[in-house]
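# Structure assessment
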Amino acid sequence: MNDVRPVLRRCVACRELLDRSLLWRVIRDHQNGVLLDQGMGRSAYLCPKESCLEEAQRRKRLPKALRCQVPDSVLEELRERLISDTESDAEAR
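One structure accompanies this document, and this report is about it. (Residues numbered from 1 in each chain as written. Predicted model: local features only at pLDDT ≥ 70, side-chain atom pairs only at ≥ 80, totals over all residues. Heavy atoms only, no water.)

## Topic: the overall build of the protein chain
Scanning the protein chain from terminus to terminus reveals 3 helices and 5 strands. Each helix and strand of the protein chain, placed in order from N terminus to C terminus, yields the pattern β-β-β-β-β-α-α-α. Restricting to contacts in the protein chain with at least 6 residues of sequence separation, those with at least 24 account for 46%. Entry remark: accessible area of the protein chain is about 6700 Å², with carbon and sulfur atoms responsible for 46%. Side-chain charges of the protein chain comprise 18 positive and 16 negative groups, with the mean position of each set lying 11 Å from the other. (Helix = DSSP H or I, 4+ residues; strand = E, 2+ residues; numbered from the N terminus. Contact = heavy atoms within 4.5 Å. Areas by Shrake-Rupley, 256 points an atom, 1.4 Å probe, with all protein chains shown as cover. Lys, Arg positive; Asp, Glu negative; His and termini not counted. Charge placed at Lys NZ, Arg CZ, Asp CG, Glu CD.)

## Thoughts on unusual backbone geometry
A negative phi holds for most residues other than glycine; trans holds for most peptide bonds. Located in the positive-phi region is K60, a residue other than glycine, with phi close to 55°. Tracing the backbone shows K60 in the loop between α1 (50-58) and α2 (61-66). Using a relative accessible area of 53% as the deciding quantity, one classes K60 as exposed. (Buried < 20%, exposed > 50% of the residue type's maximum accessible area, 1.4 Å probe, protein only.)

## A look at the pairing of strand β3 (residues 24-29)
In terms of burial, β3 is largely enclosed, as 5 of its 6 residues are buried. Where β3 and strand β5 (residues 41-46) come together, 6 bridges link them in antiparallel fashion. Within β5, the position partnered with R28 by the bridge is R42. In terms of strand pairing, β3 meets strand β4 (residues 33-36) through 4 bridges, oriented antiparallel. Across the sheet, the residue bridging to V26 is L36, located in β4. Connecting β3 to the antiparallel partner β4 that follows it, the hairpin turn spans 3 residues. (Pairing = 2+ DSSP bridges.)

## Considerations on the sheet that holds β3
As a general point, the strands of a sheet are linked pairwise by backbone hydrogen bonds and lie either parallel or antiparallel. The strand order β4-β3-β5 describes an open sheet built from 3 strands, whose pairing is antiparallel. Both outer strands of the open sheet, β4 and β5, are each paired with one neighbouring strand and no more. The mean angle between the axes of side-by-side strands here comes to 25°, regardless of whether they run parallel or antiparallel. (Axes fitted to C-alpha atoms, helices over the stretch in contact; angles between N-to-C directions.)

By themselves, these observations are geometric and do not establish any function.
Have a look at this one:
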């Protein structure tokens, strides 16, 4: 019988090991620069929490993990996702 194990990845900020589907994926693509969620290349994973986003930004964890500069637009998009996730959670209650 096939025992399917979850694919685990570590958040660059809090260092917690979680299922890959629960994390945001930031990719350094060899052609298109830094992307979110799709593409091939070096990846870093981040919990969808404000504390992890702030920690990653403050300690420059994404640029270190990806070995390149991360544009402000990518960080801004992650912040927008955080806001929209928080709003949708509030609406669900």
